[in-house]
Amino acid sequence: MDRNGVREGVCEVIGVVLALGPAVDPSFCREEQPAWDSLKHIEIIFALEDRFNVRFSEPDMQQMDSIAVITQRINELL
Amino acid sequence: MEIGSQRSMPLSMSRPFSPAAEASGLDPRLQRMEWLPALFAEQPRRWELIKLPTQRSSHAVHVRVHRNHGFESTASAVVPYLALRDWQPEFSYSDYDDSLTFRIEAPAELDIVWLDYCRYVARTPAPQFAAWLRQRVLTLRQLTDTPIILVNWPEQSVYANSVREAFENHAVPGLLLGSLEPVRARLGDRLLDERMVAVSGTRLSDAASILIARELGCRWIPAAIAPRLKAVALDLDDTLVAGVLGEDGPEGVVLTPGHRALQEYLFELRQSGLFLALVSRNEESDVQRLLSLRDDFPLKWEHFSARQIHWGSKAESLEAVAGALRIGMDAMLYVDDNLGELAKVANAHRDLCLAHANTDAFLTRRVLEHFPGLWSRGDGGADIVRVGDLEANTERDKILAQSTDRAGYLRSLQVPLVFQLNPCAHLGRIHELSQKTNQFNLALKRFTEAEIERRLQSPGCKVVTVRLADRLSDSGIIGALFAREEAEAIVVEELCISCRALGRELEDIMVAKALETACPQRPGKPLLFEQAAGPRNDPARQWLRRVAGEVWDPSASRVGVPLSFMNPRPECSLLDIKIERTNG
């Protein structure tokens, strides 16, 4: 999977979990989205691990607050 | 909102609403057929569950969660499972509280006790911990009458076993102890995921959270809040077998390993007291031949308590099945591989549960293993009796047709009737009668186990059970009467008789003798029966109308019955009547 594919997948996961539809803007970040609360953060992490078959570390989980950061971390893990 | 900080915060776990699905006008039950492969995969996956376009279901179920670790990652996965029965959970949470102080701030239909035992392990030996936990659950029992689910943490088996023994030896009314041992056995080292504590507040892994959600949503919550379903009706072609009988013939249809596993599980369901019914578009003689010819089939012709095999509509066939089994349509699950048939049936029967039979019959088996409302907690003695009792009804009808008078009919049946006052040992069965009877349920009070337990212990209340048998079958406990002696009257606050016991015209004797059992020293006090109108309890109300006579008022909440109702009846001499007043 290339970088664009990963970013699209991350957008899809976040869009579905937060009920925003799959066309989420890649500049999307947690700080600007009240819907991205701690409960949804858990679901996003679980869904991303499942979707990309990766395993995040504890620090990763705390730092994953934007599509850009998440995409970069998944690319590193793949 | 941070995990662990909220208290009693109602929280909807509904997933993205699907406007397209709603706009399509498709019955939600049919939309959910597409979910079955994701929900009932051997290990369901979070991403697959999240993608399901769950709509808000129409029946909210308010659940209080008393906890010392995070429940949210499990809660979100419970939603699509409960949606199969159109239930929408609304969870409210306690703080993380190792001491279980139980703040009851909002009404609810259910309480869940959700504890990770790890913080007690270093400080308290297992037996003391189990005794303490039982005391805390008893405290919760005093605070609320709702059902309680205690999820038994499986990590340290000595603690889990001690807890199980503590609650088995001294049952708490209305408590369901959910065992996580099967989840631990399946996942092994993958049960826990210590990374997750910081974000989810629990050590449970994602895989464990999902499997526990399936247990909660498919088994424990339905068993706690609703009566068990009573029947599974099945299509034949490409559902119970691979192939089409009319085209492939009895030797040609295939019993794949999956279909064998499915039939074996259906047989187990029958053994546990569920009716099986066959609804098939075929020639009846062909199906009879198939089921007698194929020795390899676990299911035989006689295992189906009702059969509708013809070329007519399946919607009508299912109505006939419900009539033959004397159950409501809402107590039945229909399984068919043909989505078109399911759509027609759904259109005709809004309350019927539906499941799509997959070409992978192992998946169909898993659907049945988990379909909300099919699971039994293993105390279904009355369910087991029901299957044999219904079969005896055909024979009773023959005897009635051949009898020249009612006395001869009763004599030939050899009926013993046993009345027991406040039989604590039958709390579970009394609860079932209160929850499950529909046709002969006079006041529709639907008591919880805790409410019944309180009446059993209260000196002012009398609970009488009626046990019925005849030479054809033992129907077991088929009736319960709840009475209260007030200063000016004896009040029957609830009267429930199983529909299996109707038709023998013994209702008057049963009620009169139950009242005699409850209040043997009746000083000529008036008799008042409480009543409520429901969608299906007309038989009970018509009975009251008959015995009350002209004073019956359909809108009154209490109806007087003449004292002559209690006069001795000649028919009693034809029955073997026993009255037991010892608590047991």
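Residues numbered from 1 in each chain as written. Chains lettered and ligands numbered in written order. Predicted model: local features only at pLDDT ≥ 70, side-chain atom pairs only at ≥ 80, totals over all residues. Heavy atoms only, no water.

Just to check I follow, could you spell out the overall build of chain A for this structure?
Counting its regular elements, chain A contains 4 helices and 0 strands. Listing the helices and strands of chain A from first to last along the sequence gives α-α-α-α. A compact globule built from 78 residues would reach a C-alpha radius of gyration of about 12 Å, and chain A, at 11 Å, matches this within 12%. Expressed along its principal axes, the backbone C-alpha trace of chain A runs to roughly 30 × 25 × 20 Å. Residue pairs at least 24 apart in sequence account for 52% of intrachain contacts in chain A once pairs closer than 6 positions are excluded. (Helix = DSSP H or I, 4+ residues; strand = E, 2+ residues; numbered from the N terminus. Rg over C-alpha atoms; globule rule 2.2 N^0.38 Å. Contact = heavy atoms within 4.5 Å.)

What's the story with the pattern of salt bridges in this structure? I'm lost.
Where charged atoms from two side chains of opposite charge approach closely, those side chains can pair. Inspection of every chain in the model, using the stated rule, returns 42 salt bridges over all chains. One salt bridge connects glutamate 12 of chain A with arginine 51 of chain A, and the closest N-O pair in it is separated by 3.2 Å. In this pair, glutamate 12 of chain A is assigned in helix 1 (residues 3-17) and arginine 51 of chain A in helix 2 (residues 38-52), connecting sequence segments 39 residues apart. Arginine 73 of chain A is paired through a salt bridge with aspartate 60 of chain A; the nearest N and O atoms lie 2.8 Å apart. Within this pair, whereas arginine 73 of chain A is found in helix 4 (residues 67-77), its partner aspartate 60 of chain A is found in helix 3 (residues 58-63), the two being separated by 13 residues in sequence. Given the relative accessible area of 23%, arginine 73 of chain A is considered partly exposed. Given the relative accessible area of 9%, aspartate 60 of chain A is considered buried. One network of salt bridges, in which partners are shared, links Lys445, Arg455, Arg484, Glu486, Glu493, Glu530 and Arg558 of chain B. (Salt bridge = Lys/Arg side-chain N within 4 Å of Asp/Glu carboxyl O. Buried < 20%, exposed > 50% of the residue type's maximum accessible area, 1.4 Å probe, protein only.)

Where do I start with the confidence of the model for chain B in this structure?
Caution applies to low-pLDDT parts of the model: their predicted coordinates are not meant to be read in detail. All names here are of chain B. Per-chain confidence: chain B averages 89 in pLDDT, with 94% of residues scoring 70 or above. Taken together, the stretch residues 1-22 has pLDDT below 50 and engages in 74 contacts with residues farther than four places along the chain or on a different chain. Across the whole predicted complex the pTM is 0.83, and at the interface the ipTM reaches 0.88. (pLDDT = per-residue confidence, 0-100.)

Would you take a moment to explain the nonpolar core for this structure?
General note: in soluble globular proteins, nonpolar side chains tend to be found buried as a group. All names here are of chain B. Counting residues in hydrophobic clusters, the biggest one holds 123 residues, and the most contacted among them are Leu133, Ile149, Leu266 and Met332. Discounting residues that sit within four places of it in the chain, methionine 332 has contacts with Leu229, Ala231, Ala233, Leu318, Val321, Ala322, Ile327, Leu352 and Cys353. Ile399, Tyr409, Val415 and Val492 belong to the second-largest nonpolar core, a separate cluster that totals 47 residues. (Core = buried A, V, L, I, M, F, W, Y, C linked by side-chain atoms within 4.5 Å.)

Looking at this structure, how should I read the pairing of strand 10 (residues 332-336) of chain B?
Along a regular strand, successive side chains alternate from one face of the sheet to the other. Residue and element names in this part refer to chain B. Within strand 10, 5 of the 5 residues are buried, leaving the element largely enclosed by the surrounding structure. Burial along strand 10 is two-sided: the residues Met332, Tyr334 and Asp336 and Leu333 and Val335 are all buried. Bridging between strand 7 (residues 231-234) and strand 10 involves 4 bridges; their strand directions are parallel. By the bridge assignment for strand 10, leucine 234 is matched with valine 335. (Pairing = 2+ DSSP bridges.)

For this particular structure, what's the right way to read the sheet that holds strand 18 (residues 576-580) of chain B?
What holds strands together in a sheet is hydrogen bonding between their backbones, with the strands either parallel or antiparallel. Residues and elements named next belong to chain B. Judged by pairing direction, the sheet is mixed, and its 7 strands sit side by side in the order 17-16-15-14-13-12-18 without closing on themselves. Bordering the open sheet on either side are strand 17 (558-561) and strand 18, each of which pairs with just one other strand. When the angles between neighbouring strand axes are averaged without regard to direction, this sheet yields 25 degrees. With 9 bridges joining them, strand 13 (residues 461-469) and strand 14 (residues 474-485) adopt antiparallel strand pairing. Pairing of valine 463 across the sheet is with phenylalanine 482, part of strand 14. Packed on one face of the sheet, helix 20 (residues 427-436) meets strand 13, strand 14 and strand 15 (490-497) and runs near 80 degrees to strand 14. In this fold helix 23 (residues 538-548) packs onto strand 15, strand 16 (527-530) and strand 17, with an angle of close to 45 degrees to the strand it touches most, strand 17. (Axes fitted to C-alpha atoms, helices over the stretch in contact; angles between N-to-C directions.)

Could you clarify how one ought to interpret the sheet that holds strand 8 (residues 275-280) of chain B in this entry?
Residues and elements named next belong to chain B. The 5 strands are arranged 9-8-7-10-11 in an open sheet whose pairing can be described as parallel. The two strands at the open ends of the sheet, each matched to only one other strand, are strand 9 (306-309) and strand 11 (353-356). The mean angle between the axes of side-by-side strands here comes to 20 degrees, regardless of whether they run parallel or antiparallel. Pairing geometry for strand 8 and strand 9, over 4 bridges, is parallel. Each residue of the ladder has a partner; that of leucine 278, found in strand 9, is arginine 307. Packed onto the sheet, helix 15 (residues 314-325) meets strand 7, strand 8, strand 9 and strand 10 and runs at close to 155 degrees relative to strand 8.

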